[in-house]
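A structural walkthrough
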Amino acid sequence: MTRDLDQVFSALADPTRRRILAMLLEDDMAVTDVAEPFEMSLAAVSKHLGILTRAGLISQDKRGRITWCKLEPGGLHAASVWMQGFGQFEPVNLDDFERFLAAELTLDADPGLDTDESVME
């Protein structure tokens, strides 16, 4: 399972591949259509597609002369289950966190402040 997760997260780490996945959310596409919006060679796009295929995020199917790409939603299942495991933690209150950071930055800017007084403010 670790190897599969590594492949999925590695594939998702690249913005080009994330964009390709977003495009395939709309519909299946021919490789040439996938390559069209990118300013790179067809060979470079094919390498990205190969990585997505090996990660199980898309499938490629040759129909005649045209290779079609299809999103494989099940490819994200293991990663989704793994990430949901982190849902057990309390969500961070961003307002409290921002106040905490502001207090810490104030302490760093004026080291003469008493830490107990700055926390009470």
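Preceding block: the structure.
To keep things clear, this report deals only with the structure shown in the data block. Keep in mind it's a predicted model, so treat the numbers as computed, not measured.

Conventions and cut-offs
Residues numbered from 1 in each chain as written. Predicted model: local features only at pLDDT ≥ 70, side-chain atom pairs only at ≥ 80, totals over all residues. Heavy atoms only, no water. Core = buried A, V, L, I, M, F, W, Y, C linked by side-chain atoms within 4.5 Å. Buried < 20%, exposed > 50% of the residue type's maximum accessible area, 1.4 Å probe, protein only. Helix = DSSP H or I, 4+ residues; strand = E, 2+ residues; numbered from the N terminus. Contact = heavy atoms within 4.5 Å. Patch = residues over 30% accessible without salt bridge, like charges linked within 9 Å, V, L, I, M, F, W, Y side chains within 5 Å. Areas by Shrake-Rupley, 256 points an atom, 1.4 Å probe, with all protein chains shown as cover. Salt bridge = Lys/Arg side-chain N within 4 Å of Asp/Glu carboxyl O. Axes fitted to C-alpha atoms, helices over the stretch in contact; angles between N-to-C directions. Parallel < 35°, antiparallel > 145°, perpendicular 65-115°, else oblique. Nonpolar A, V, L, I, M, F, W, Y, C, P; charged D, E, K, R; others polar. Pairing = 2+ DSSP bridges. Polar contact = N/O pair within 3.5 Å; in protein donor to acceptor, adjacent residues only side chain to side chain. Phe/Tyr/Trp six-rings, centres within 6.5 Å; stacked < 30°, edge-to-face > 60°. Lys NZ or Arg CZ within 6 Å of the ring centre and 35° of its normal.

The next point concerns the nonpolar core. The biggest cluster of nonpolar side chains holds 21 residues, and the ones touching the most others in it are Ile20, Leu24, Val34, Leu49, Leu52 and Leu57. Of all the elements in the fold, those that place two or more residues in this core are α1 (2-12), α2 (15-26), α3 (31-35), α4 (42-54) and β3 (66-71). It is α2 that provides the largest number of residues to this core, a total of four residues. Excluding residues within four positions of it along the chain, Leu57 makes contact with Val8, Ala11, Leu12, Leu21, Leu52, Lys70, Leu71, Glu72, Gly75 and Leu76.

Judged by side-chain polarity, Phe9, Trp82, Met83 and Phe86 come together as a nonpolar surface patch covering roughly 400 Å² of accessible area. Looking at the secondary structure, you find Met83 in helix α5 (residues 77-84). Residue classification places Met83 among the partly exposed residues on the basis of a relative accessible area of 45%.

Moving on, we come to the packing of α1 against α5. For any two helices packed against each other, the geometry is given by the interaxial angle and the distance between the axes. Two elements in contact, α1 and α5, have axes separated by 9 Å at closest approach and are oriented at 95 degrees. The angle between α1 and α5 falls in the class roughly perpendicular. Of α5, the residues touching α1 (which contributes Leu5, Val8 and Phe9) are Ala78, Ala79, Trp82 and Met83. Looking at the contact of α1 with α5 residue by residue, the class counts come to seven nonpolar, no polar and no charged.

Close contact between α2 and α4 brings their axes to 10 Å; oriented N to C, the two are set at 75 degrees. Judged by the inter-axis angle, α2 sits roughly perpendicular to α4. The residues of α4 that touch α2, namely those facing Thr16, Arg17, Ile20 and Leu21, are His48, Leu49, Ile51 and Leu52. Among the residues making up the contact of α2 with α4, the classes are represented as five nonpolar, two polar and one charged.

By the bridge criterion, six bridges tie strand β2 (residues 58-63) to β3 in an arrangement that is antiparallel. Residue Asp61 lies in a different strand from β3, and its bridge partner there is Trp68.

Locating His48 in the fold gives a position in helix α4. Note on His48: relative accessible area 13%, which makes it buried. Here the side chain of His48 touches Arg17 through a polar contact of 3.0 Å, side chain to side chain. If we ignore the near neighbours within four places in the chain, the residues touching His48 are Asp14, Thr16, Arg17, Ile20 and Met40.

Evaluated as defined, the whole model comprises one aromatic pair. Ring geometry for Phe9 against Trp82: centres 5.6 Å apart, planes inclined by 65 degrees, an arrangement best described as edge-to-face. Pair noted here: Phe9 is in helix α1 and Trp82 is in helix α5, with a separation of 73 residues, a long-range link. Across the ring face of Phe38, the terminal group of Arg19 is positioned such that the distance to the ring centre comes to 4.8 Å.

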